[in-house]
Amino acid sequence: FFFNDTATTEIYTQAFVGSVRCVQETGINAEYMGIQEILMEADPVKTHYSAIAVKGTDQIYSHSVALAAGYTEEELAQIPPEASLGLGCGNSVAAANIKEGEYILDLGCGAGMDLFLSSIRVGPKGKACGVDYSEDMIKRGTELAKKYKRDNVEFHYLSLIHISEP
């Protein structure tokens, strides 16, 4: 593992070496024997995203990033401005054919920008549910859903590492 700073490299290396030792000593597949939890706690990306969830971002910056990512002014006017943090990777809602009454699941939902847009499309009989591995993002999104009375929006903490294949 190679990262920009020595401390992060050391944490990831120790976790990897510990996993390899476990496999060598026990002969058991150690893939899910704690290495993911160690990596999650040491994850600099999670730390960065969590800090942004807590402090927020400049709304002018976030708005311009959202426009560049393909969101329209009309869409941005429909969501809590605090849900737009300038972290997304594109307007997935625009590409989806979301219908009223559907259940939408957003993996890596952040503060819920796409969830809030989806909640409008699914209406009161549908639900927009998001999962994220940053507890701070989940807290921010949940607070926004309450503040803006979006009863069909839910946020749940979950590491995608723990989702298994069928």
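Remember, it's a predicted structure, so these values are computed and weren't measured experimentally.

S.K.: Is there a simple way to explain the overall build of the chain in this structure?
M.R.: Scanning the chain for helices and strands turns up eight helices and three strands. Along the chain direction, N to C, the helices and strands of the chain fall in the order α-α-α-α-α-α-β-α-β-α-β. Residues counted as buried form 40% of the 166 residues belonging to the chain. Within the structure as shown, the chain displays about 10,000 Å² of accessible surface, and the carbon and sulfur contribution to it stands at 58%.

S.K.: What am I meant to see in the pairing of strand E3 (residues 153-157) here?
M.R.: Across a regular strand the side chains alternate sides, sitting on one face of the sheet and then on the other. Taken together, the five bridges between strand E2 (residues 127-132) and E3 define a ladder with parallel strand orientation. Looking at the pairing, Gly 130 lines up with Phe 155 of E3. A crossover connection joins E2 to the parallel E3 through helix H8 (residues 135-147); in handedness this β-α-β unit is right-handed.

S.K.: I'm lost on the packing of aromatic side chains in this one. Help?
M.R.: Aromatic ring pairs are reported here in terms of the distance separating the ring centres and the angle at which the planes meet. Inspection of every chain in the model, using the stated rule, returns one aromatic pair. Ring plane angle 50° and centroid distance 6.0 Å describe the contact between Phe 116 and Phe 155, whose orientation is recorded as tilted. Of this pair, Phe 116 sits in helix H7 (residues 113-122) while Phe 155 sits in strand E3, and the two are 39 residues apart along the sequence. For the pair Phe 116 and Phe 155, one class covers both residues: buried.

Reading the values: the criteria
- Residues numbered from 1 in each chain as written.
- Predicted model: local features only at pLDDT ≥ 70, side-chain atom pairs only at ≥ 80, totals over all residues.
- Heavy atoms only, no water.
- Helix = DSSP H or I, 4+ residues; strand = E, 2+ residues; numbered from the N terminus.
- Buried < 20%, exposed > 50% of the residue type's maximum accessible area, 1.4 Å probe, protein only.
- Areas by Shrake-Rupley, 256 points an atom, 1.4 Å probe, with all protein chains shown as cover.
- Pairing = 2+ DSSP bridges.
- Right-handed = clockwise from strand over helix to strand, strands pointing away.
- Phe/Tyr/Trp six-rings, centres within 6.5 Å; stacked < 30°, edge-to-face > 60°.

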